[in-house]
Amino acid sequence: MTKLFLCLTAMLMMAACGNNKSRSSEDADSEAEAELTEQDDDEEADWEAQGQKEVTAMLKAVYKTENELMDTELDVNLTALDQKFCSKEFLELQGEVASKSLDAQSSEEAFSDEGWRWIPGIVTPVSPKNIRVEMIQKDRAEARFTLADDYGNKADQHLVLVKEDGKWKIHNWIDEDAYPEGNYLDWMKSYLDVQVGDVLVAPDEDWTEEAVEKQIRKIYSDVNRVYVDNASIDLDAKYCTKDWNEVYRKVNEKDERQRLAEKRYFVDDQHWTLGIHGPLKVKDISVELTTGTTAEAMYELVAEDGFSASEMVLMEYEKGQWRIDDWGDDRGGVTMKSRMNLYLEE
């Protein structure tokens, strides 16, 4: 009897050790996942900060060079600026435009902005003020700033830049008032009768189903940190597209103006959890890459009590990572952003 008691005691101790080992393993996995998320956040912050620093320095160099190229008649060698600071695609299109323009039968058929993009109605020398850089991808950025000359004249500039062979280059000028197509690149394409629209493609390392799946798991790791651990993270700002956040902001602003609760779009905003109490696990992720920068993903959100719900999201590659642009909706197949836009039009 004593031997039997000792055996049972030993078995119970072994089982207890096994359970502790299992829990320790789960804790280690959770800690590793949290560390990975923090590491990814640090890496994203690093390349964004570095990119902003590089683009700012490049723009200052651009206008320093422009001032240096100014001759005694206050003209600037714009061709030299283009060759030194513009992207390969821009220069290629520019060459085709120049060739076609030479064959023009009249001034109306020719192409020229008379140097407006470099000197938008102001006098050299000029200097860029209040440079603001937004990193779209690791090799793509947008910059907004003000050009000012010595006579107090000012002009706002909005540029798209790309990184080629380790150097930042100007890829496009955006100005709804100055260019027929709203931007210089599409104006050249339209003149050449080629498809307009700047096509983006996610880099090879991110253009995989595995990369999208990894991002979804990272997102829901932070969802649990917010809804379970009360972490202070703006999930929409961090993981959703610029367009989603703009629509989402407008909907919330309209909701605040509604006197009756039943007229609001959000009675209870649950787009991150679908109303399931966390912590949540993401299972059975299925990814379909659709275009160079878009993807669709379907998955199951599963709670600890076994309750689950299916989810579908539309993803876009923006600011160097996959972001959610829309949520699927089982009410007639209409997506959540579509319904929010309809609400805004009411």
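Before reading further, recall that the structure is shown in the block above.
Residues numbered from 1 in each chain as written. Predicted model: local features only at pLDDT ≥ 70, side-chain atom pairs only at ≥ 80, totals over all residues. Heavy atoms only, no water.

### Comments concerning the side chain of Thr-294
In this fold, Thr-294 is placed in strand S6 (residues 294-303). Among the polar contacts made by the side chain of Thr-294, one reaches the side chain of Thr-290 at a distance of 2.5 Å. The contact partners of Thr-294, leaving out residues within four places of it in the chain, are Trp-207, Leu-289, Met-315, Glu-316 and Trp-322. (Helix = DSSP H or I, 4+ residues; strand = E, 2+ residues; numbered from the N terminus. Polar contact = N/O pair within 3.5 Å; in protein donor to acceptor, adjacent residues only side chain to side chain. Contact = heavy atoms within 4.5 Å.)

### So, helix H2 (residues 78-85)
Those residues of H2 that sit buried are Leu-81, Asp-82 and Phe-85. End-on, the buried residues of H2 take up no more than an arc of 100 degrees, which puts them together on one face. Every exposed residue of H2 that faces more than 90 degrees away from the buried side is listed here: Thr-79 and Gln-83. (Buried < 20%, exposed > 50% of the residue type's maximum accessible area, 1.4 Å probe, protein only. Arc of directions from axis to C-beta.)

### Structural notes on the packing of helix H7 (residues 242-257) against helix H8 (residues 336-345)
H8 packs onto H7 with a crossing angle of 45 degrees between their chain directions and a minimal axis gap of 10 Å. Considering their axes alone, H7 and H8 lie oblique with respect to each other. For the pair H7 and H8, the sense of crossing is left-handed. Counting all contacts with H7, which are made through Asp-243, Trp-244, Val-247, Tyr-248, Lys-250, Val-251, Lys-254 and Asp-255, the residues of H8 involved are Met-336, Lys-337, Met-340, Asn-341, Tyr-343 and Leu-344. (Axes fitted to C-alpha atoms, helices over the stretch in contact; angles between N-to-C directions. Parallel < 35°, antiparallel > 145°, perpendicular 65-115°, else oblique. Left-handed = near helix turned anticlockwise from the far one by under 90°.)

### Here's the deal with the packing of aromatic side chains
For the structure shown, the criterion picks out 20 aromatic pairs. For the pair Trp-118 and Trp-173, a centre-to-centre distance of 5.1 Å together with 75 degrees between the ring planes defines the contact as edge-to-face. Taken together, the residues span a long stretch of sequence, with Trp-118 in the loop between helix H3 (88-102) and strand S1 (126-137) and Trp-173 in strand S4 (residues 167-173) at a distance of 55 residues. With relative accessibility at 1%, the residue Trp-173 sits in the buried group. Arranged with centres 5.7 Å apart and planes meeting at 55 degrees, the rings of Tyr-265 and Tyr-343 form a pair that is tilted. Of this pair, Tyr-265 sits in the loop between H7 and strand S5 (280-291) while Tyr-343 sits in helix H8, and the two are 78 residues apart along the sequence. Accessibility expressed as a relative area gives 21% for Tyr-265, which makes it partly exposed. Among the aromatic side chains, those forming a connected cluster through ring pairs are Phe-90, Phe-111, Trp-118, Trp-173, Tyr-179, Tyr-184, Trp-187 and Tyr-191. Positioned above the aromatic ring of Tyr-191 is the side chain of Lys-100, whose terminal nitrogen or guanidinium carbon lies 4.7 Å from the ring centre. The ring of Tyr-343 is capped by Lys-254, whose NZ or CZ atom sits 4.5 Å from the centre of that ring. (Phe/Tyr/Trp six-rings, centres within 6.5 Å; stacked < 30°, edge-to-face > 60°. Lys NZ or Arg CZ within 6 Å of the ring centre and 35° of its normal.)

### Focus on the pattern of salt bridges
Taken as a whole, this structure holds 15 salt bridges when the rule is applied. Asp-82 is the partner of Arg-117 in a salt bridge, and the nearest nitrogen-oxygen pair spans 2.8 Å. Separated by 35 residues along the polypeptide, Arg-117 in the loop between H3 and S1 and Asp-82 in helix H2 bring together distant segments of the chain. Since its relative accessible area comes to 4%, Asp-82 is described here as buried. A single network of salt bridges, built from pairs that share partners, joins Glu-246, Arg-249, Lys-250 and Glu-253. (Salt bridge = Lys/Arg side-chain N within 4 Å of Asp/Glu carboxyl O.)

### Here's the deal with the nonpolar core
Formed by 37 residues in total, the largest nonpolar core has its most connected members in Ile-216, Tyr-220, Trp-272 and Trp-327. When contributions to this core are tallied by element, the ones reaching two or more residues are helix H5 (209-227), helix H6 (235-239), H7, S5, S6, strand S7 (308-318), strand S8 (321-327) and H8. Broken down by element, this core gets its largest block of residues, seven residues, from H5. In contact with Trp-327, not counting residues within four places along its chain, are Tyr-220, Cys-240, Trp-244, His-271, Trp-272, Glu-311, Met-312, Val-313, Thr-335 and Met-336. Ranked by size, the runner-up nonpolar core spans 36 residues in total, among them Phe-85, Trp-118, Trp-168 and Leu-185. (Core = buried A, V, L, I, M, F, W, Y, C linked by side-chain atoms within 4.5 Å.)

### Some remarks on the packing of H3 against helix H4 (residues 184-191)
One way to put it is that H3 packs onto H4 with a least axis distance of 10 Å and a crossing angle of 40 degrees. Here H3 is positioned oblique relative to H4, judged by the angle of their axes. As for the relative orientation of H3 and H4, their crossing is left-handed in sense. Note on element contacts: H4 touches H3 through Tyr-184, Leu-185, Met-188, Lys-189 and Tyr-191, opposite Glu-89, Phe-90, Leu-93, Gln-94, Val-97, Lys-100 and Ser-101. Its residues placed into classes, the contact of H3 with H4 shows seven nonpolar, two polar and three charged. (Nonpolar A, V, L, I, M, F, W, Y, C, P; charged D, E, K, R; others polar.)

### Re H7
Here H7 is 16 residues long and its end C-alpha atoms lie 23 Å apart, about the 22 Å a rise of 1.5 Å per residue gives. At its buried positions, H7 is contacted by H6, S8 and H8. (Expected span 1.5 Å × (residues − 1).)

### Overview of the sheet that holds S5
Read across the sheet, four strands follow the order S5-S6-S7-S8 without closing on themselves; strand pairing throughout is antiparallel. Looking at strand neighbours, the two that pair on one side only are S5 and S8, the edges of this open sheet. Within this sheet the neighbouring strands show an average axis-to-axis angle of 30 degrees, counted without direction. As paired elements, S7 and S8 share six bridges and run antiparallel to each other. For Val-313, the partnering residue across the bridge sits in S8 and is Trp-327. Its contacts with the sheet place H5 against S5, S6, S7 and S8, and it is angled at close to 140 degrees to S5. (Pairing = 2+ DSSP bridges.)

Purely spatial values, then, with no claim about function.
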